[in-house]
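Spelled out, the chains give:
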Amino acid sequence: MISDSLLEGALKALLVLIVISALLLLTRKNVLSLFRSYALQSLLLAFIAVVLYVQERKIELLFTVVLTVISKVILIPFFLGRVQQKISIKRDAEFRYIKPVAAVILSTAIIVIIYAVFAPLLRILPVTEIFILGSVIGISMTFMGLIVCYSRKRVITKVIGYLTMENGVVLFGIFLIELPFLIEMFVIMDILMVVMITAIMSFGMNASVEEFHVHLKSLRQWFKEEDASK
Amino acid sequence: MINITLDMLFILATFLLLLAALYTLLFLTKKSKIVRGVSLSVALLANAILILISSSIVYSGTALEFNFNQIFPMMGMDFLIDRLAAFFILAVSIIAAAVTVYSFHYLDHYPQTRRKNIHIFLMNLFVLSMVYVVASRNMISFLIFWELMSVSSFFLVCFEFEKAETRKAGLFYFIMTQLSTVFLICAFVILYNETGSFELARASEMSSGLLSMAFISLFIGFGIKAGIIPFHKWLPYAHPAAPSNISALMSGLMIKVALYGLIRFLLYIFPATYLWWGILILIAGTVSAFLGVIYALKEHDLKRLLAYHSIENVGIILMGIGMCVIFTSYGLTALAMISLVAALFHTLNHGLFKSLLFLTAGSVISETRTRNIEEMGGLVKRMPKTAVLFFIGAVSISALPPFNGFVSEFLLFHSLFQSSLIPDPIVQLIMLVCLTVLALTSALAAACFVKAFGTVFLAAPRSEHAAQAKEASWSMVAGPSLLAALCIGLGVFSFQIFSWIGPRIGYSFPLPDMLPAVSVGAVLLLMIVIGFRLTDSRKPRVSETWGCGINSQNSKMEYTASGFSQPIINIFSFIYQPQKINKRYFMDIQETVFREGKVEIRMVRFFEDYVYLPIARTVQRISRWLYSQQNEVTLDPFIFYEFLAILGLILLVGVIV
């Protein structure tokens, strides 16, 4: 059989790779490479689940692997690719609040902070160190997804942010709390729906949240008038 | 025969009041005065029943208990009317009765029918809510009726809402009154946490820190409503804006309900009271009394002047409460009782004469159509009855014997004089200082009412409207007359009343018997008047005062209110801090061609400029910043804030764990 230390080494390597993929999502400007990074990340997630299955022999993990590969490695990137072709956006180089380099530094800081805060809390559970590391990286990935959400301007990259967050949750789940399989399935259905809706909406508009809010801004007119009357 | 018990009668009376209120709503658009007349008559009947019930409870001391738990289950609708509550209900119903009589004709000079009917509805509701606040035995029902009282009075203040000034006053009042409720709720929550029940009953032992916290927030909550300086600012805004009958109710009753709350909690709910509470209350009372009268002196708006006097008198009542707490903490129960009775009696008295003054001021204002006393004058010949009534009120509030104001302030002075019985020299010193300030306050109040009565009623009219004023209609004289009669009666017969009540509550009160002196004086006066009438055969001669040789004299030559108060303002200029603003603007940079100038003398509005406005500006700045943050209607900022908030939370967890 494969030794435990080898499995642990593999897990560590996969975790490092998954962090790198998240950092790629923060920094890449080419939309297509963003999709590829996301697919890669999901694939890494599936590998982690496989390794964990080898270690623990839980059948749910295999289901997770199958679902992840089908939905996140194949279907979602495919959909997103179609959307990207339709709206023909090649690059998303617009950032707000935080530039990519700063985002990378912030993410590293976040991983350290979350490790410092959560590791003592999680030690109460009867798990080994590698599991704690995995779940900490899961939480950090949720944060990195959030950073992608607010620092990018295009809708299509925002969606990638949400998907990263979801991956973080799954990572946390397979390492620590073992989400019931049914819930995991529903979550995946949900994000499939999110991607579909985004796809449909992206066709109808010029693919930036600002334009979607143009008609909302007419509401602001009302406030401005009141301001002027004061 | 049906056995009618007191509690059934009480419920019946309040039900009548509710009915009277709802009746006007039924006929909201009816122009006829009969609708309001019927409603007011029913309300009057209800108030009469309430007077009977509450006076019988004050007399016998047997408490009345009832609840509405069958109608409103789980709402804590428990009521208990003991002697203290009955005393306040007595005050409420007497004054409400007088105001009801007054309101028969007061609203006639307003054209809006629907608004007048709503006014009557709200007024009855207002009185009803005050009765039930006082009767409440449970914090929940206390708060419910407290809020009903606040909201109905807010709408009553906004009667003339088309005026910007009224809207501002109403908003100011509403914010302050909500603030007061917030503090009350804080205190109630603290008490509930400690005792586990919302019942207004003696709380079990609790830690002194929490108890003091509950006291402070109750003191602020009730203080805002009662108009204690520095929470007083809504009074001088709301009273001039409100119709006069509402000013009378608010100043005469509502601020007393707040004081009732304070007394109830201090004496009946808190398991213990501390010395520093008493000193705090005493000093707050002294400051309110002194500054109230100081601000009243410079005021030329009749109703605002009266509003400042309300602040002064609330201060005097608070001094009594504070003394009561101080004496209790030294174990001097007899003196504590005298201070408390002084406070309670002054509460009733102030309610009587302040409502009297507001009502008569309302008659004057509706005739002269101005609130500025510099435009009145000469009304004693045109409105003689109103003038006499106002005079009685003015003398009572100035605490001159033999009127009722004198009696309660006398009791308060008496208890302040007993400071020598207190072992702690610092407390003694504080009480002596308060005593002197109170003496000064009384003198200044008298000066202020000399000014008010003199400028409003004496000399020649200073404006067209004042010259054409006519006597108010019968109900607007009858309502105040009731109050005036009580002002005199409670003063002249005070010795008899207290020697009758004293044994019932087990204390004797050191009061002079004013009846002989007054009767001798009255007989003498009568004899002099009759003597003059009999011996005087000449016809009255009409002529002008000598005017230093000037042919035609006009009202411009009269002694003005500003002139009268000027010396006092000079003396206290360190408080008023008058600022002289002298600004010149020029057409050119070299400052040779004069364009315009601005000269102004104004008093520093200390609390507004240094307390209220800085707080308001800070809040405004924060909200403007938040507004500008939210104004961007995009998703990203909100995700960003969420990110920051979650990260902050995690850091917080890290720090705590």
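About the thresholds
Residues numbered from 1 in each chain as written. Chains lettered and ligands numbered in written order. Predicted model: local features only at pLDDT ≥ 70, side-chain atom pairs only at ≥ 80, totals over all residues. Heavy atoms only, no water. Helix = DSSP H or I, 4+ residues; strand = E, 2+ residues; numbered from the N terminus. Rg over C-alpha atoms; globule rule 2.2 N^0.38 Å. Buried < 20%, exposed > 50% of the residue type's maximum accessible area, 1.4 Å probe, protein only. Contact = heavy atoms within 4.5 Å. Areas by Shrake-Rupley, 256 points an atom, 1.4 Å probe, with all protein chains shown as cover. Lys, Arg positive; Asp, Glu negative; His and termini not counted. Charge placed at Lys NZ, Arg CZ, Asp CG, Glu CD. Expected span 1.5 Å × (residues − 1). Polar contact = N/O pair within 3.5 Å; in protein donor to acceptor, adjacent residues only side chain to side chain. Phe/Tyr/Trp six-rings, centres within 6.5 Å; stacked < 30°, edge-to-face > 60°. Lys NZ or Arg CZ within 6 Å of the ring centre and 35° of its normal. Patch = residues over 30% accessible without salt bridge, like charges linked within 9 Å, V, L, I, M, F, W, Y side chains within 5 Å. Salt bridge = Lys/Arg side-chain N within 4 Å of Asp/Glu carboxyl O. 1 Å grid on protein atoms, 1.4 Å probe; cavity = no way out; pocket = protein on both sides within 12 Å on 5 of 7 lines; lining within 4 Å. Points joined across faces, edges and corners; volume = space filled by probe spheres on them. Axes fitted to C-alpha atoms, helices over the stretch in contact; angles between N-to-C directions. Parallel < 35°, antiparallel > 145°, perpendicular 65-115°, else oblique. Nonpolar A, V, L, I, M, F, W, Y, C, P; charged D, E, K, R; others polar. Core = buried A, V, L, I, M, F, W, Y, C linked by side-chain atoms within 4.5 Å. Left-handed = near helix turned anticlockwise from the far one by under 90°. pLDDT = per-residue confidence, 0-100.

Considerations on the overall build of chain B
Along its length, chain B carries 24 helices and four strands. A globule of 657 residues ought to have a C-alpha radius of gyration of about 26 Å, and chain B, at 27 Å, matches this closely. Overall, the C-alpha framework of chain B stretches about 100 × 90 × 65 Å when taken along its three principal axes. Here chain B, with 657 residues, has 52% of them falling under the buried criterion. Counting only contacts in chain B whose residues sit at least 6 apart along the sequence, the fraction spanning at least 24 positions is 78%. Approximately 29,400 Å² of chain B is accessible, and the part contributed by carbon and sulfur atoms is 68%. Between the averaged position of the 45 positive side-chain charges in chain B and that of its 35 negative side-chain charges there is a distance of 8 Å.

Describing the overall build of chain A
Scanning chain A from terminus to terminus reveals nine helices and zero strands. When the elements of chain A are put in sequence order from the N terminus, they spell out α-α-α-α-α-α-α-α-α. The buried share of chain A, reckoned over its 230 residues, is 47%. Pairs at least 24 apart in sequence give 80% of the contacts found in chain A among residues at least 6 apart. Within the structure as shown, chain A displays about 11,600 Å² of accessible surface, and the carbon and sulfur contribution to it stands at 71%.

Some details on helix 5 (residues 139-157) of chain B
For helix 5 of chain B, built from 19 residues, the straight-helix expectation of 27 Å at 1.5 Å per residue is met to within 8% by its first-to-last C-alpha distance of 26 Å. Backbone nitrogen of Ile140 of chain B and a side-chain oxygen of the N-cap are separated by 2.9 Å at the start of helix 5 of chain B; the cap is Asn138 of chain B.

A short note on the packing of aromatic side chains
Counted according to the given criterion, the structure contains 56 aromatic pairs over all chains. An angle of 90 degrees between the planes, with centres 6.4 Å apart, marks the rings of Trp276 of chain B and Trp277 of chain B as edge-to-face. Residue class for Trp277 of chain B comes out buried when judged on its relative accessible area of 0%. Ring centres of Phe572 of chain B and Phe574 of chain B lie 6.2 Å apart, and the angle between their planes is 45 degrees; this geometry places the pair in the tilted category. Take Phe574 of chain B: its relative accessible area is 54%, and that puts it in the exposed class. Here the aromatic cluster, defined as three or more aromatic residues joined through ring pairs, consists of Phe142, Trp146, Phe188, Phe215, Phe219, Phe222, Phe265, Phe270, Tyr274, Trp276 and Trp277 of chain B. Between Arg57 of chain A and the ring centre of Tyr53 of chain A, over which it is positioned, the NZ or CZ distance is 5.7 Å. Positioned over the ring face of Tyr268 of chain B is Arg264 of chain B, at 4.7 Å from the centre of the ring.

Quick notes on a nonpolar patch on the surface
The grouping of Phe15, Leu18, Leu19, Leu22, Leu25 and Ile118 of chain B at the surface amounts to a nonpolar patch, some 470 Å² of accessible area in total. Locating Leu18 of chain B in the fold gives a position in helix 1 (residues 6-26).

Some details on helix 2 (residues 33-60) of chain B
Taking 1.5 Å per residue, 28 residues should reach 40 Å; helix 2 of chain B reaches 40 Å between its end C-alpha atoms and fits that length. Of the residues flanking the end of helix 2 of chain B, it is Gly61 of chain B, one or two places downstream, whose phi is positive at about 80 degrees.

Overview of the layout of surface pockets
Residue and element names in this part refer to chain B. Roughly 1,100 Å³ of internal volume is contained in the largest pocket. Contributing to the lining of the largest pocket are 40 residues, with Arg83, Phe87, Val341, Leu344 and Ile505 lying nearest its centre. The set of elements that each furnish at least two residues to the lining of the largest pocket consists of helix 2, helix 3 (83-106), helix 9 (244-269), helix 11 (302-329), helix 12 (333-368), helix 18 (474-492) and helix 19 (494-505). Of all the elements, helix 12 adds the most residues to the lining of the largest pocket, at eight residues.

With respect to the packing of helix 3 of chain B against helix 4 (residues 113-135) of chain B
All names here are of chain B. One way to put it is that helix 3 packs onto helix 4 with a least axis distance of 9 Å and a crossing angle of 170 degrees. As the angle between them shows, helix 3 and helix 4 are arranged roughly antiparallel. On helix 4, the residues that touch Ala85, Phe88, Ile89, Val92, Ala96, Val99, Thr100 and Ser103 of helix 3 are Met123, Val127, Val131, Val134 and Ala135. When its residues are assigned to classes, the contact of helix 3 with helix 4 shows eleven nonpolar, two polar and no charged.

Here we look at the nonpolar core
Counting 209 residues, the largest nonpolar core has Phe10, Ile81, Trp234 and Phe270 of chain B as the members making the most contacts within it. Residue contributions to this core peak at 19 residues, all from helix 12 of chain B. Setting aside anything within four residues of it in sequence, one finds Phe10 of chain B in contact with Leu50, Ile53, Leu64, Phe66, Ile81, Ile89, Val131 and Tyr132 of chain B. Leu11, Val136, Ile137 and Tyr150 of chain A belong to the second-largest nonpolar core, a separate cluster that totals 49 residues.

Examining the environment of Gln41 of chain A
Residues and elements named next belong to chain A. Looking at the element boundaries, Gln41 is found in helix 2 (residues 31-56). By relative accessible area, Gln41 is classed as buried at 0%. Setting aside its immediate chain neighbours within four residues, Gln41 contacts Ile18, Ser21, Ala22, Leu25, Met141, Thr164 and Asn167.

Let's talk about the environment of Phe607 of chain B
All names here are of chain B. Within the fold, Phe607 resides in helix 23 (residues 606-630). Given the relative accessible area of 10%, Phe607 is considered buried. Each C-alpha atom of the pair Phe607 and Asp82 lies 38 Å from the other, and the pair is 525 residues apart in sequence. In this structure, Phe607 is in contact with Ile229, Pro230, His232, Leu291, Tyr295 and Tyr612, ignoring residues within four places of it in sequence.

A closer look at the packing of helix 16 (residues 425-457) of chain B against helix 21 (residues 561-571) of chain B
Residues and elements named next belong to chain B. Close contact between helix 16 and helix 21 brings their axes to 9 Å; oriented N to C, the two are set at 165 degrees. Considering the angle they form, helix 16 stands roughly antiparallel to helix 21. The element helix 16 and its partner helix 21 pack so that their crossing is right-handed. Residues Leu444, Ala447, Val450, Lys451 and Thr455 of helix 16 touch helix 21, and the partners they reach there are Ala561, Phe564, Ser565 and Ile568. Along the lines of polarity and charge, the residues of the contact of helix 16 with helix 21 split into six nonpolar, two polar and one charged.

A short note on empty space enclosed by the protein
Over the atoms rolls a probe the size of a water molecule, and its path tells where empty space is left. All names here are of chain B. Taken as a whole and assessed by the stated rule, the structure comprises two cavities of 30 Å³ or more. Here the largest cavity defines a volume of roughly 40 Å³. Lining the largest cavity are Phe87, Phe88, Ala91, Ile95, Gly252, Leu253, Lys256, Thr347, Leu348 and Gly351. Secondary-structure elements contributing two or more residues to the lining of the largest cavity are helix 3, helix 9 and helix 12. Considering each element in turn, the lining of the largest cavity owes the most residues, four residues, to helix 3. Split by residue class, the lining of the largest cavity holds six nonpolar, three polar and one charged. Roughly 40 Å³ of internal volume is contained in the second largest cavity. Together, Leu80, Ser136, Arg137, Leu200, Tyr260 and Arg264 line the second largest cavity.

Regarding the confidence of the model for chain A
Residues at a pLDDT of 70 or more form 81% of chain A, whose mean pLDDT is 79. Overall, residues 225-230 of chain A carries pLDDT values under 50, and its contacts beyond four positions in sequence, including any with other chains, amount to one contact.

Comments concerning the pattern of salt bridges
Residue and element names in this part refer to chain B. Summed over all chains, the structure comprises 13 salt bridges over all chains. Linking Arg264 and Asp82 is a salt bridge whose minimum nitrogen-to-oxygen distance equals 2.8 Å. Here Asp82 lies in the loop between strand 2 (78-81) and helix 3 and Arg264 lies in helix 9, a separation of 182 residues in the sequence. Residue classification places Arg264 among the buried positions, given a relative accessible area of 7%.

Focus: the side chain of Lys233 of chain B
Residues and elements named next belong to chain B. When you line up the elements, Lys233 lands in the loop between helix 7 (208-226) and helix 8 (234-241). You can call Lys233 buried: its relative accessible area is 8%. Within polar-contact distance, the side chain of Lys233 engages the side chain of Glu608 at 3.3 Å. When sequence neighbours within four positions are dropped, the list of residues in contact with Lys233 reads Phe172, Tyr308, Glu608 and Tyr612.

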